[in-house]
Amino acid sequence: MKSLNIIKNFIRNNNNSNSIRFFSSNINIVVNSRGIKYIYNEINKKLKNSNNRQISEGSELESRVLISHVLDIDSSAITLFSKKNQHRFLTNEEYSRLQELVNRRLLNEPISYLIGYRYFWKHKFHCDRSTLIPRPDSETIVEKILEEKNKNNLKFDRVLDLGTGTGCLLLSILYELDGSFGVGIDKSKESLLLANKNAKELELKDRVCFLNSDWNHQESLVKELGQFKPFDLVISNPPYISIDEYKELNETVKDWEPTTALIADENGLKDYRNIGLLLKNNKELLSNNAQVVFEIGKGQENDIIEIMESCGFKFTDSKKDLSSIIRCLVFTRNKENENK
Ligand SMILES: C[S@@+](CC[C@H](N)C(=O)[O-])C[C@H]1O[C@@H](n2cnc3c(N)ncnc32)[C@H](O)[C@@H]1O
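An account of the accompanying structure is given in this report. Everything quoted here is computed from the prediction, not taken from an experiment.

A word on the pattern of salt bridges
Counted by the stated rule, this structure contains 19 salt bridges. One salt bridge in this structure joins Glu257 and Arg135, with 2.7 Å as the shortest N-O distance. Taken as a pair, Glu257 in the loop between helix 13 (251-254) and helix 14 (265-268) and Arg135 in the loop between strand 4 (123-126) and helix 8 (139-152) lie far apart in primary sequence, 122 residues in all. Owing to a relative accessible area of 5%, Glu257 belongs among the buried residues under this scheme. Lys151 serves as the salt-bridge partner of Glu148, at 3.5 Å between the closest nitrogen and oxygen. Here Glu148 pairs with Lys151, and both are found in helix 8, just three residues apart, close to one helical turn. Residue class for Glu148 comes out buried when judged on its relative accessible area of 3%. For Lys151, a relative accessible area of 52% gives the class exposed. Each member of the salt-bridge network shares a partner with another, and the members are Glu143, Lys144, Glu147, Glu148, Lys151, Asp317 and Lys319.

Quick notes on the nonpolar core
One finds Ile185, Leu225, Phe294, Ile304 and Phe331 to be the most contacted residues of the largest nonpolar core, which totals 37 residues. Non-local contacts of Leu225, meaning those with residues more than four positions away in its chain, are made with Leu160, Val183, Ile185, Leu211, Phe231 and Leu285. With 27 residues, the next largest nonpolar core counts Phe120, Leu171, Ala195 and Leu204 among its residues.

Concerning the packing of helix 4 (residues 59-71) against helix 6 (residues 92-106)
Helix 6 packs onto helix 4 with a crossing angle of 140° between their chain directions and a minimal axis gap of 10 Å. Classified by the angle between their axes, helix 4 and helix 6 sit oblique to one another. You can see that helix 4 and helix 6 cross each other, and the crossing is right-handed. Residues Glu62, Leu66, Ile67, His69, Val70 and Leu71 of helix 4 touch helix 6, and the partners they reach there are Glu94, Arg97, Leu98, Leu101, Val102 and Arg105. Residues of the contact of helix 4 with helix 6, tallied by class, amount to seven nonpolar, one polar and four charged.

A look at helix 11 (residues 218-225)
Given 3.6 residues to a turn, an α-helix orients residues that are three or four positions apart in the same direction. Looking at helix 11, one finds that the buried residues are Leu221, Val222 and Leu225. Angular distribution of buried residues about the axis of helix 11 spans 95°; they occupy a single face of the element. Turned more than 90 degrees from where helix 11 packs its buried face, Glu219 and Lys223 sit exposed. Structurally, helix 11 contributes buried residues whose contacts are with strand 5 (158-162), strand 6 (181-186), strand 7 (208-212), strand 8 (231-236) and helix 15 (270-281).

A closer look at the site of the ligand
Around the ligand, the surrounding shell holds 18 residues, and the nearest of these are Thr131, Gly163, Asp186, Asp214 and Asn237. Contact between the ligand and Thr164: a nitrogen atom at 3.3 Å from a main-chain N or O atom of the residue. Against a free-state accessible area of 600 Å², the protein chains account for coverage of 98% of the ligand. Considering only residue class, the shell around the ligand consists of six nonpolar, nine polar and three charged.

Examining the side chain of His126
Relative to the assigned elements, His126 resides in strand 4. For His126, the residues in contact, after removing those within four places along its chain, are Gly116, Tyr117, Thr166, Leu194, Lys197, Asn198 and Glu201.

Topic: unusual backbone geometry
The peptide bond linking Lys229 to Pro230 adopts the cis configuration, its omega dihedral lying at 0°. With respect to the secondary-structure elements, Pro230 resides in the loop between helix 11 and strand 8.

Some details on the side chain of Ser191
By secondary structure assignment, the location of Ser191 is in helix 10 (residues 189-201). Judged by relative accessible area, which is 0%, Ser191 ranks as buried. Polar contacts involving the side chain of Ser191 include one to the main-chain carbonyl oxygen of Ser188, which spans 2.9 Å. Among all residues touching Ser191, those that are not within four sequence positions of it are Ser130, Thr131, Gly165 and Asp186.

Rules used in this analysis
- Residues numbered from 1 in each chain as written.
- Predicted model: local features only at pLDDT ≥ 70, side-chain atom pairs only at ≥ 80, totals over all residues.
- Heavy atoms only, no water.
- Salt bridge = Lys/Arg side-chain N within 4 Å of Asp/Glu carboxyl O.
- Helix = DSSP H or I, 4+ residues; strand = E, 2+ residues; numbered from the N terminus.
- Buried < 20%, exposed > 50% of the residue type's maximum accessible area, 1.4 Å probe, protein only.
- Core = buried A, V, L, I, M, F, W, Y, C linked by side-chain atoms within 4.5 Å.
- Contact = heavy atoms within 4.5 Å.
- Axes fitted to C-alpha atoms, helices over the stretch in contact; angles between N-to-C directions.
- Parallel < 35°, antiparallel > 145°, perpendicular 65-115°, else oblique.
- Left-handed = near helix turned anticlockwise from the far one by under 90°.
- Nonpolar A, V, L, I, M, F, W, Y, C, P; charged D, E, K, R; others polar.
- Arc of directions from axis to C-beta.
- Near = heavy atom within 4 Å.
- Polar contact = N/O pair within 3.5 Å; in protein donor to acceptor, adjacent residues only side chain to side chain.
- Areas by Shrake-Rupley, 256 points an atom, 1.4 Å probe, with all protein chains shown as cover.

Take a look at the structure:
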């Protein structure tokens, strides 16, 4: 009798056109097809059938992330499929929003653009089509800078980030360095809207300034940076993908993320060369023992060390990412070499 009442209540609360009818001996049971587990199975199946390997292989996690986003709850399997949520049903509006997101994902749109953010280091960063989505590999740069600071007892009071995008690198570093001030530049105006929004949410607005500028326009950039110099630390994750590598990228990246954040001429090295020249020609931007820390692409280390040494910097260290690829190079201002 108790279970019959549960079923009746269930039917009363969830009577909509998306219900499925089951007939047992003498009870007509209606099972709502908007339950979380049911919806999860439905969209997981759709994503699993995608031709894009990245989508099909990540279908379980992505299904959870999309449902959680629409329902505004935590995406861990424990929470999503918890007892508390097992009686939760999607409304018509939630269901159609979810279907729209799944359809967009099947057109290869990155999941971070669909939900509007990506976790990086210790925080959530807003992202959109104006710039690169923060990558876990880039956390190697944050780790390395903290290692350098602690190992050599350094103070990075002023930090310059060339190509700041969402601000994920600069803001994560400022968060870790008590009291430091940062300047982030980017040639994409739209990306700076994101960076400012992220700074505000991390309560770092008073410790950062974002400038719409271009490292290829040395004169105006140096003028703009004048009021903030000298910098103790320069960081950059510039575009470093060669045209040939770009052709091989997954559609999720190639069709959606801006080429201005990805591709660099000269086999991916052009922006390192231009940044090296900017710093070589404008040493007054740097404090005496300033460090320059780059994120680099797979196998680019020797070329970039050569470029930076020819610009008067001393290569001091490197760090591998979680896939054991050298991802980060550290250079120090080499005053002895500067007048050569
Ligand atoms: C690879 S993304 C890095 C974004 C962010 N720092 C990160 O690590 O996720 C490179 C960024 O550099 C910017 N950029 C590319 N060329 C530039 C230039 N010549 N001057 C200034 N910014 C540039 C792009 O707009 C993009 O936001």
